[in-house]
Amino acid sequence: IDTIRGGGKLNKKRFASSPAVVRPSSGGVHGQRSAVFSREQARQRALYPRTEKIEVVLHGPGLHGTLLIMNKGVSTPHSCARHLTEWHVKSSALALVDGEPWPLHKPLIQSCSLSLLSFKDKDPSLVNQAYWRSCAALLGQVLEDAFKDEYSVELLGIPELPVTSGAFCCDFVLDPQLDSWNPSEESMCSLIRGAQQLIHQDLPWESLEVTPSVALEVFSHSRCKQEEVEEKAAKSNNGTVVLYRCGDHVLLSGGPLVARTGLCSQYEVTAIHRLGEGAWGLHRRAQGLSLPFQLEAHHTVWRKLRSRATKLVSEDFYWLHFKFLKGQCVESCIQILTPLFSCLSSPTKKRLGYY
Amino acid sequence: MRLTLQMLISHGRVARKMGLGPESRLNMLRNILTGLVKHERIETTLGRADEVRFYAEKLIDYAKKGDTDTKAMKMANFWLTEKDLIPKLFKVLAPRFEAQPKGYTRMARIPNRENLDKAAMAVLEYKGNPFPPLQPAKRENELTLINQLLKGYREEQAQQAKTQKD
């Protein structure tokens, strides 16, 4: 328990006294990242000094063809929802701008067609995936905050898992001093409490599209994050990287995140597994389960889903499962892969480039 | 006869009075039943629909005996005023309900009539009719987050059961 603290970050940059660790405290790191993010956000807002109007056409049940006149570079889909009703504001998790998934707090830059997506639509698959990613991002944030300043926490990334896998996960590496540490019941409870506090604060996830140089500056203290930035810049269409900020933490993500932390209601950190030695140290995987406030589960159902979420989930099996589901070769896949999976875990994971 | 108080109070009396008298009531029911067999879904007042329901189901029971049965043919002849509906009854409706022992009709209430009488209305239909359903079955969305999680859970349970069997 002495490795985990309840809350209260230090915002001043403070260098640890031991010679082995010469880096600022976690609080200072987050403060610096947030400052760079705010600076870039202000710079991007200043690109539109005069208020120009854009026309936004709304699509949705009961809204077909509604025209809204909004401000360019300032109005977000969230502000469009505020023109409608309180229900639209509370329930919309993601927006679809000209067919492209768009975070709810990202400013609109041209006349477009907008539809607000919620968890109870006909086809909420995009929203589900975004929700899974956001919960994993929240988990990463909780883990970063949970440990004392003298222990470093490196978040490695959020593997893209389909929702049917039963749990979202976040890979991370702890300080080498904590190699023998195993989470106890109380540590898991305090992690859950930390997550619930963030959910209660209802912080929005702000997004920003930046050039790789700015992103590298944001993550100047973390080598593995910089590698991730380079990977994402190489994969993206126009060479930009999207950063998300929640409260004080700035993070990268594989896709759009939902609007705010208050959308989650039931949230539990179910397990922390060891994945073995990798490029950055002892890799661990933290898994969790969450449901949004409109789709709460009865405690009997929740218990069953939670017991499933404590088992280790892995990308390989579920990614292929997900892919073959469309080709309907699921049965044969399961029969072939389950015995092979346990043998092939480490080399196949290396192939994915996380280690 | 003696005019007693019991004649005016109808507590516990289940038989409905319709039209001018018992003969008028049967004629009205005959007309409504003919309309039901012709169109397979009709809209009338609540009381009339409830009365016709019993006769509609009994008619199908008679029709199931087949058109060679004299009693069945007499019944069909009496109840259906339009005689070209008799072949439809024996050849279309009776085979449709072969597998079911009872429950050939469905009644659903609809908003009251707009006229001055504001009569309570109902829709009466034979099951298996070609029209869209009166009350479409509400199916839960398979793609919501919680249903997807439960789907994954069920698949894993099935997979485990399979591996345990082998």
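Not measured: the values here are computed from a predicted model.

Undergrad: Teacher, can you tell me more about the confidence of the model for chain B here?
TA: Detail in the predicted coordinates should be disregarded across regions flagged by low pLDDT. Per-residue confidence for chain B gives a mean pLDDT of 94, with 100% of residues at or over 70. Predicted as a complex, the structure gets a pTM of 0.70 and an ipTM equal to 0.77.

Undergrad: Sorry, what's going on with unusual backbone geometry here?
TA: The general pattern is negative phi for most residues beyond glycine and trans for most peptide bonds. If you check the backbone angles, A:Asp98 has positive phi at about 50° while not being a glycine. Within the element layout of this structure, A:Asp98 appears in the loop between strand S3 (94–97) and strand S4 (100–102). In this model, B:Lys118 sits at a positive phi of 45°, which is unusual for a non-glycine residue. Accessibility expressed as a relative area gives 47% for B:Lys118, which makes it partly exposed.

Undergrad: Even after reading the chapter, I still don't get the pairing of strand S11 (residues 264–278) of chain A, so can you show me in this structure?
TA: Along any regular strand, the residues point their side chains to alternate faces of the sheet. Residues and elements named next belong to chain A. Pairing of S11 with strand S12 (residues 281–292) involves 12 bridges; the strand directions are antiparallel. Counterpart to Ile 272 in the pairing with S12 is Ala 286. Between S11 and S12, which pair antiparallel and follow one another directly, the connecting turn spans two residues.

Undergrad: Explain the sheet that holds strand S1 (residues 41–45) of chain B here, please?
TA: Within a sheet, neighbouring strands are paired by backbone hydrogen bonds and run either parallel or antiparallel to one another. Residues and elements named next belong to chain B. If you trace the three strands from one edge of the open sheet to the other, you get S1-S3-S2, paired in antiparallel fashion. Each edge of the open sheet is held by one strand with a lone partner, namely S1 and strand S2 (105–110). Going across the sheet, the axis of each strand differs from the next one's by a mean of 25°, ignoring polarity. Across six bridges, S2 lies against strand S3 (residues 121–126) in antiparallel orientation. Bridge pairing in S3 links Thr 105 to Tyr 126. Packed on one face of the sheet, helix H2 (residues 22–39) meets S1 and S3 and runs near 150° to S1. Sitting on the sheet, helix H3 (residues 46–63) is in contact with S1, S2 and S3, with an inclination near 170° to S2.

About the thresholds
Residues numbered from 1 in each chain as written. Chains lettered and ligands numbered in written order. Predicted model: local features only at pLDDT ≥ 70, side-chain atom pairs only at ≥ 80, totals over all residues. Heavy atoms only, no water. pLDDT = per-residue confidence, 0-100. Helix = DSSP H or I, 4+ residues; strand = E, 2+ residues; numbered from the N terminus. Buried < 20%, exposed > 50% of the residue type's maximum accessible area, 1.4 Å probe, protein only. Pairing = 2+ DSSP bridges. Axes fitted to C-alpha atoms, helices over the stretch in contact; angles between N-to-C directions. Contact = heavy atoms within 4.5 Å.

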